[in-house]
Amino acid sequence: MFEHVAPYAGDPIFRVAAQYQADPRENKVNLTIGLYFEDDGSVPLLAATQAAEQRWAAQKLSRVYLPMEGLESYRNATQKLVFGDQHEAYLSQRIATIQTLGGTGALKVGGDLLHEAYPNSQMWISDPAWDNHHAIFGGCGIKTNKYRYFDPQTQGVDFNGMLADLNHLPEDSFVLLHPCCHNPTGADLSTAQWDELIALLQAKKLIPFLDMAYQGFGKGLDEDAYAIRAMAEAGLEFLVANSYSKNFSYYAERCGALSVVCKDKAEVDLTLGKLKAWVRKNYSNPPIHGGAAIALVLTDPELFQSWEHDVTAMRARIHTMRQAVHQHLTRLAPHYDADYMIKQQGMFSYTGLSLEQILRLREEFGVYMLDSGRISIPGLTTKNVEYYAKSLAAVV
C-alpha cells in the first residue's frame, strides 16, 4: 500500500542515542536525549507526583471522557503558574487555556489555529532550533523560516541579527520564541533584551508563539516566565505552549498546555471554542491520569512546596555540572574558551564543536552528543564529568 512513500529517516536525537546504547564501553557518556537524570543516572519520580497519584486513585473516580479543553483545575493552575495569580491578564480572565498532549501537542494545536486564522502567514524560528519545531508547524501547513539567533563567536545570542531579521517581517508573521533555557543552545535573552524585543513585536504587529518547556530550570519558576508576563503586560496577543515533562519529570504522561492571551473575555470565549474544534479534529480529549496529578500538586500547598523544592534541586544540579565542566576545562585546556558553560543556562548547551571533533568524541572516547554539538547537561554526573572534560580537551 505504501511502497511509493518515502521512508522516515528517523529522529536525529534518537538515532545518536541508539548508537550510545549499542556501545559496549563502560565509561561511555550519553549527552544526547533531553531527559533530566539524577547524579546516579536515574530519572526521578518526584514525591509530590507519587502522593498526588495515590490520593487521586484513592477516590476511585470513573474514567469518563474529559472535556475537550481538559481539566478545569489543571487549566486554571497552569495559568497561575505561567502568568502569576496576581497578573492582570489572569485576573481579567483574558487567557484561553487548554490541556494538551505535552508541549508538542500544544504547538500542534496552536499551529493549526494560527494557520486557519492567517493562512498566508509564515512561521519564523530561531537558527538553530529544535528540529521538531519545523516539522510540527510544517505539518500544520505553515511555511517555516529561520531568523538569526546564535552567535558562534560569542556563543551567546546574536541579538542585533535577531532584531534585524524580525524587523523586516510582514505584519501578522508568526515568531517562535523561547522564554527561557533555549533549546538547543542554552543562550537566553536578558530582561532588557526581552523588553526591546517586545516593543519590536508590538510595533511590527507580529504574532509571538512562546514555547516554554523548561520553566524552573533557568533561574526560577517566576523568573523564567518573565518574557511571558512582560508580553501580556504590554498588551500583546500571543500564544504560549508549556510542558510539564521536564520540571515534573513526568515524560510519559504527556502533560502540557496551550494558552492564548486575548484582548478581552469575549475573545477568550471565541478562541477557546476554536481550540476545542481543533482538539476534536485531532485527539478529541486529553487523558486524565497525569493531568489530575499535576492539578493536585499545583493546587495543594504542601505538595506544591515539595515539588518546588525538587525543581530547585534539579536546577542546582544542572548548575553544579556546568560549573564543574568549566573548572575542569579551564585546567585541562586553558586555550579553549569554556565560559559558555556558565553563561548559558538550562538543560542544554551548545559546544561549538565541529562535526569532526564530535565524531572523534564518539569513536575514541564513547562520548555521545548530537551532530550539532548540543549536549544535555543532566547526562553529566560527579562520576563522569571529569572524563567528559578530559575527552573534550583531547579534541580541541
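Just so it is clear, the model here is predicted, and its values are computed rather than measured. (Residues numbered from 1 in each chain as written. Predicted model: local features only at pLDDT ≥ 70, side-chain atom pairs only at ≥ 80, totals over all residues. Heavy atoms only, no water.)

Q: Teacher, can you tell me more about helix α6 (residues 131-139) here?
A: The periodicity of an α-helix, 3.6 residues per turn, causes residues three or four places apart in sequence to face the same way. Buried residues of α6: His133, Ile136 and Phe137, and no others. Angular distribution of buried residues about the axis of α6 spans 90°; they occupy a single face of the element. When the buried face of α6 is taken as reference, the exposed residues oriented beyond 90 degrees from it are Asp131, Ala135 and Gly139. Elements that come into contact with the buried residues of α6 comprise α5 (102-117), β3 (123-127), β4 (144-148), β7 (174-177) and β8 (207-212). After α6 finishes, the residue Gly141 shows a positive phi value of roughly 90°. (Buried < 20%, exposed > 50% of the residue type's maximum accessible area, 1.4 Å probe, protein only. Helix = DSSP H or I, 4+ residues; strand = E, 2+ residues; numbered from the N terminus. Arc of directions from axis to C-beta. Contact = heavy atoms within 4.5 Å.)

Q: Would you mind going over unusual backbone geometry with me for this structure?
A: Of all residues except glycine, most have a negative phi; of all peptide bonds, most are trans. Put simply, Asp127 and Pro128 share a cis peptide bond, and its omega is 5°. Structurally, Pro128 is set in the loop between β3 and α6. Backbone geometry at Cys181 places phi at a positive 50°, although glycine is not the residue there. Along the chain, Cys181 falls in the loop between β7 and α8 (191-204). The phi torsion at Arg254 lies on the positive side, around 55°, for a residue other than glycine.

Q: Sorry, what's going on with the nonpolar core here?
A: Nonpolar side chains tend toward joint burial in soluble globular proteins. Core analysis: the largest hydrophobic core is formed by 100 residues, its most contacted members being Leu177, Leu197, Phe238 and Trp307. Broken down by element, this core gets its largest block of residues, 9 residues, from helix α12 (residues 301-332). Phe137, Ile142, Ile207 and Cys262 belong to the second-largest nonpolar core, a separate cluster that totals 29 residues. (Core = buried A, V, L, I, M, F, W, Y, C linked by side-chain atoms within 4.5 Å.)

Q: Whenever I open this one, the side chain of Asn384 confuses me. Can you help?
A: With respect to the secondary-structure elements, Asn384 resides in the loop between β13 (374-376) and α15 (385-395). Given the relative accessible area of 15%, Asn384 is considered buried. Within polar-contact distance, the side chain of Asn384 engages the backbone nitrogen of Thr381 at 2.8 Å. (Polar contact = N/O pair within 3.5 Å; in protein donor to acceptor, adjacent residues only side chain to side chain.)

Q: Sorry, what's going on with the pattern of salt bridges here?
A: Once their charged atoms are close, side chains differing in charge can pair, the charge on each being opposite to the other. What the rule picks out here adds up to 15 salt bridges. One salt bridge in this structure joins Asp371 and Arg362, with 2.3 Å as the shortest N-O distance. Of the residues examined, Asp371 reaches a relative accessible area of 34% and is grouped as partly exposed. Several salt bridges converge on common partners, so that one network encompasses Arg15, Arg362 and Asp371. (Salt bridge = Lys/Arg side-chain N within 4 Å of Asp/Glu carboxyl O.)

Q: Quick question: what am I supposed to make of a nonpolar patch on the surface here?
A: Taken together, Met1, Phe2 and Val5 make up a surface patch of nonpolar side chains, about 400 Å² in accessible area. Structurally, Val5 can be placed in the segment before α1 (12-22). Exposure remark for Val5: the relative accessible area of 45% places this residue in the partly exposed category. (Patch = residues over 30% accessible without salt bridge, like charges linked within 9 Å, V, L, I, M, F, W, Y side chains within 5 Å. Areas by Shrake-Rupley, 256 points an atom, 1.4 Å probe, with all protein chains shown as cover.)

Q: What am I meant to see in the sheet that holds β4 here?
A: Two modes of strand pairing occur in sheets, parallel and antiparallel, and in both the strands are linked by backbone hydrogen bonds. What the 7 strands build is an open sheet, ordered β2-β10-β9-β8-β7-β3-β4; its pairing is mixed. The open sheet is flanked by β2 (95-101) and β4, the only strands paired with a single partner. Here the strands of the sheet are splayed against their neighbours by 25° on average, with no regard to which way each runs. α5 contacts β2, β7, β8, β9 (238-243) and β10 (255-261) of the sheet and is inclined by roughly 125° relative to β2. Contacting β4 and β7, helix α7 (residues 159-167) crosses the sheet at an angle of about 140° to β4. (Pairing = 2+ DSSP bridges. Axes fitted to C-alpha atoms, helices over the stretch in contact; angles between N-to-C directions.)

Q: Honestly, the packing of aromatic side chains in this entry has me stumped. Any pointers?
A: Aromatic rings considered in pairs are described by the distance between their centres and by the relative angle of their planes. Overall, the coordinates contain 11 aromatic pairs when judged by the stated rule. Seen from their ring centres, Tyr74 and Tyr244 are 5.7 Å apart, and the 80° between their planes marks the pair as edge-to-face. Taken together, the positions of Tyr74 in helix α3 (residues 72-83) and Tyr244 in the loop between β9 and β10 put the pair 170 residues apart, joining distant regions of the chain. Each member of the pair, Tyr74 as well as Tyr244, carries the same accessibility label: buried. On the numbers, 5.6 Å between centres and 90° between planes, the contact of Tyr214 with Phe348 is edge-to-face. (Phe/Tyr/Trp six-rings, centres within 6.5 Å; stacked < 30°, edge-to-face > 60°.)

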